[in-house]
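Fold and contact review
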Amino acid sequence: MTRKGSGTLDTGDPGLPLLAIVGRPNVGKSTLFNRLVGLRKAIVEDTPGVTRDTNVGEAEWGASRFLVLDTGGLETASVEKGLSEKVRGQIRKAVHDADVLLFVVDGKVPVHPQDLEVLRVLRKTEKPILCAVNKIDTIAQHANIYPYYRLGLEPLMPVSAEHGIGVGELLDAVAERLPSPEPEDRATKMDEPIRVAVVGRPNVGKSTLVNRLLGEDRQLVDERPGTTRDAIDTPFSWQGTPYLLIDTAGIRKKGKVTVPLEKIAVIKALQSLERCDVALLMLDAGEGVGAQDAQIGRYILEKEKGVVIVMNKWDLVKGGRRSARRTLQGVYDSLPHLRFAPVVPISALNGYNVRNVLRWIQRVEDACRIQIPTGPLNSLLEEVVKAHPPPSEGGRLRKLNYITQVKGTPPTFLVFGNSSRRPEASYQRYLVNQIRKRFGFRGAPLRLMFRKKN
């Protein structure tokens, strides 16, 4: 991969920004590198000068992906004459090619003269500089960061690379300073369609909706169930956004599927959920919500896809606004596992409210990519645990200490505590509901993971 400047770095993916970890020897750069890339790739040893090549790994934080460069200790005085000069040359190239510089210092010792010399070299680049004060392993050691304010770098990021403390906040700060994708990257991303699988029981109007969205009779429509047997992909664009509509066969109960060809069609319908971004669960307003609708909703949840509930044949609902409200509320009563999803009443036959389906698809797809900073998440966790502590485990008081979002699509949250076991299901639902109440995520599935704090 060629970056602007005199040198080149063979770093793999040419579209990813670069974060260079720099500092004097033995401040914990390689340990932090391993922590950021999520594996023990760099050799770690409590001896200055162990890292002599620029070690490269890929990191992902929320919606951000970037390359991390672990460099040798930036020494200002030669130790091993020839070798040290070669190391310094590699570091200078890495610093020159990087987009963000992560300056690592040792929080267990006062500011070292070499720290000042290293910073002087970094300032000449006029690139964003983050300062990680490493080896802050306990709250009592936080006071160790104050002498480093003399460096003139803010904010100072206290971390423990060895134990993972403070790394979430550090990654938040890194992500904020990474450059925006280059124009060709944005264009490439915009060319990728939002993949939408239209699923539901037979004869609820899936193909009629697809034809209405396309503005033409592209799919065969018949009142008899089972007209659509294959998962049919149809691309189209609306308001500049490309879509790929996947019309699927109606999914009946297993006991009612006897024809081999229909079995294959149902399998393909379920497989369409694997490759979609958002699933449209179509219901029949005239028939109400049935057990099979609820089962299809569970299939969507298992695949962890965004979901919009489409209540078709709304023109068949009688009784005015009050009756309509009861019908919509009845959807959530019958599908409690999908209470987070929007419900859109439509008539695919006459076009009523169909454009609103597209608006909700975009909103849900955006919700699946939301990234919440670690600070607000931990403030919420402190509030909800105080209001409703987690149930004890085997007579032992359970503690939840820390939460961070580690991934989008689906939004995934990692909770640290004194146990790696999941709390009971009701408490997990409580946490998820509180996250939704504070931050939204309408239509997006949320995943919680639990890990024992080191």
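Being a predicted model, the structure only gives us computed values, none of them experimental.

Judged by pairing direction, the sheet is mixed, and its three strands sit side by side in the order β13-β14-β15 without closing on themselves. Strand pairing shows two members of the sheet lacking a second neighbour, β13 (400-407) and β15 (447-452), which therefore form its edges. Here the average twist between neighbouring strands, direction ignored, is 25°. Relative to strand β14 (residues 412-417), β13 runs antiparallel, the two being bridged by six bridges. Paired with Leu400 across the strands is Gly417, a residue of β14. Together, β13 and β14 form the strand contacts of helix α11 (residues 374-387), whose direction differs from that of β13 by roughly 140°. Sitting on the sheet, helix α12 (residues 425-439) is in contact with β13, β14 and β15, with an inclination near 120° to β15.

Attention shifts here to a positive patch on the surface. On the surface, Arg321, Arg322, Arg325 and Arg326 cluster together into a patch of positive charge. One can find Arg321 in helix α9 (residues 320-334). Judged by relative accessible area, which is 71%, Arg321 ranks as exposed.

Glancing now at the nonpolar core. Judged by nonpolar contacts, the single largest core of 49 residues is most densely connected at Leu280, Ile361, Leu431 and Ile435. With seven residues, helix α10 (residues 354-367) is the single largest residue contributor to this core. The contacts of Leu280, once residues within four sequence positions are left out, are Val196, Ala197, Val198, Val199, Leu209, Val308, Val310, Val357 and Ile361.

What follows concerns the pattern of salt bridges. Counted by the stated rule, this structure contains 16 salt bridges. Among the salt bridges present, the one from Arg201 reaches Asp293, with a minimum N-O distance of 2.8 Å. With Arg201 in the loop between β7 (194-200) and α6 (206-214) and Asp293 in helix α8 (residues 291-302), this residue pair connects regions lying 92 residues apart in the sequence. Considered together, Arg201 and Asp293 belong to a single accessibility category, that of buried residues. Shared partners join several salt bridges into a network, and the residues in it are Arg201, Glu287 and Asp293.

Moving on to the layout of surface pockets. Roughly 1,200 Å³ of internal volume is contained in the second largest pocket. Taken together, 46 residues form the lining of the second largest pocket, with His163, Gly164, Ile165, Val167 and Phe416 sitting closest to its centre. Secondary structure elements with two or more residues in the lining of the second largest pocket: α1 (29-37), β2 (55-61), β6 (156-158), α4 (167-177), β13, β14 and β15. Broken down by class, the residue content of the lining of the second largest pocket amounts to 23 nonpolar, 13 polar and 10 charged.

On to the state of the cysteines. Tallying each qualifying case throughout the model produces zero disulfides. Free cysteine: Cys368, not disulfide-bonded; nearest cysteine sulfur from Cys276 at 9.6 Å.

Turning our eyes to something else, we now look at the packing of aromatic side chains. For the coordinates displayed, the defined rule picks out five aromatic pairs. Centre to centre, the rings of Tyr146 and Tyr149 are 6.2 Å apart; their planes meet at 20°, and the pair counts as stacked. Ring centres 5.9 Å apart and planes at 90° place the aromatic pair Phe413 and Phe441 in the edge-to-face group. One end of the pair, Phe413, is in strand β14; the other, Phe441, is in the loop between α12 and β15, and 28 residues separate them in sequence. Phe441 gets classed as buried once you look at its relative accessible area, which sits at 1%. Over the face of the ring belonging to Trp360 we find Arg363, whose NZ or CZ atom lies 4.7 Å from the ring centre.

This part covers α1. Most of α1 sits inside the fold, with eight of its nine residues counted as buried. Looking at α1, one finds that the buried residues are Lys29, Ser30, Thr31, Leu32, Phe33, Asn34, Leu36 and Val37. Just beyond α1, the residue with positive phi is Gly38, at close to 80°.

Next up on the list: the confidence of the model for the protein. A residue-level look at the protein finds 77% of positions with pLDDT of 70 or above and a mean pLDDT of 80. Mean pLDDT values over the elements of the protein span from 45, in helix α5 (residues 183-191), up to 96, in strand β11 (residues 306-312). Predicted confidence is poor over residues 1-14, with pLDDT under 50, and the contacts of this stretch with residues over four places away or in other chains come to 33 contacts. Here residues 218-230 scores under 50 on pLDDT; set against residues more than four positions off or in separate chains, the count is 30 contacts.

Quick notes on the rules
- Residues numbered from 1 in each chain as written.
- Predicted model: local features only at pLDDT ≥ 70, side-chain atom pairs only at ≥ 80, totals over all residues.
- Heavy atoms only, no water.
- Pairing = 2+ DSSP bridges.
- Helix = DSSP H or I, 4+ residues; strand = E, 2+ residues; numbered from the N terminus.
- Axes fitted to C-alpha atoms, helices over the stretch in contact; angles between N-to-C directions.
- Contact = heavy atoms within 4.5 Å.
- Patch = residues over 30% accessible without salt bridge, like charges linked within 9 Å, V, L, I, M, F, W, Y side chains within 5 Å.
- Areas by Shrake-Rupley, 256 points an atom, 1.4 Å probe, with all protein chains shown as cover.
- Salt bridge = Lys/Arg side-chain N within 4 Å of Asp/Glu carboxyl O.
- Lys, Arg positive; Asp, Glu negative; His and termini not counted.
- Charge placed at Lys NZ, Arg CZ, Asp CG, Glu CD.
- Buried < 20%, exposed > 50% of the residue type's maximum accessible area, 1.4 Å probe, protein only.
- Core = buried A, V, L, I, M, F, W, Y, C linked by side-chain atoms within 4.5 Å.
- 1 Å grid on protein atoms, 1.4 Å probe; cavity = no way out; pocket = protein on both sides within 12 Å on 5 of 7 lines; lining within 4 Å.
- Points joined across faces, edges and corners; volume = space filled by probe spheres on them.
- Nonpolar A, V, L, I, M, F, W, Y, C, P; charged D, E, K, R; others polar.
- Disulfide = S-S within 2.5 Å.
- Phe/Tyr/Trp six-rings, centres within 6.5 Å; stacked < 30°, edge-to-face > 60°.
- Lys NZ or Arg CZ within 6 Å of the ring centre and 35° of its normal.
- pLDDT = per-residue confidence, 0-100.

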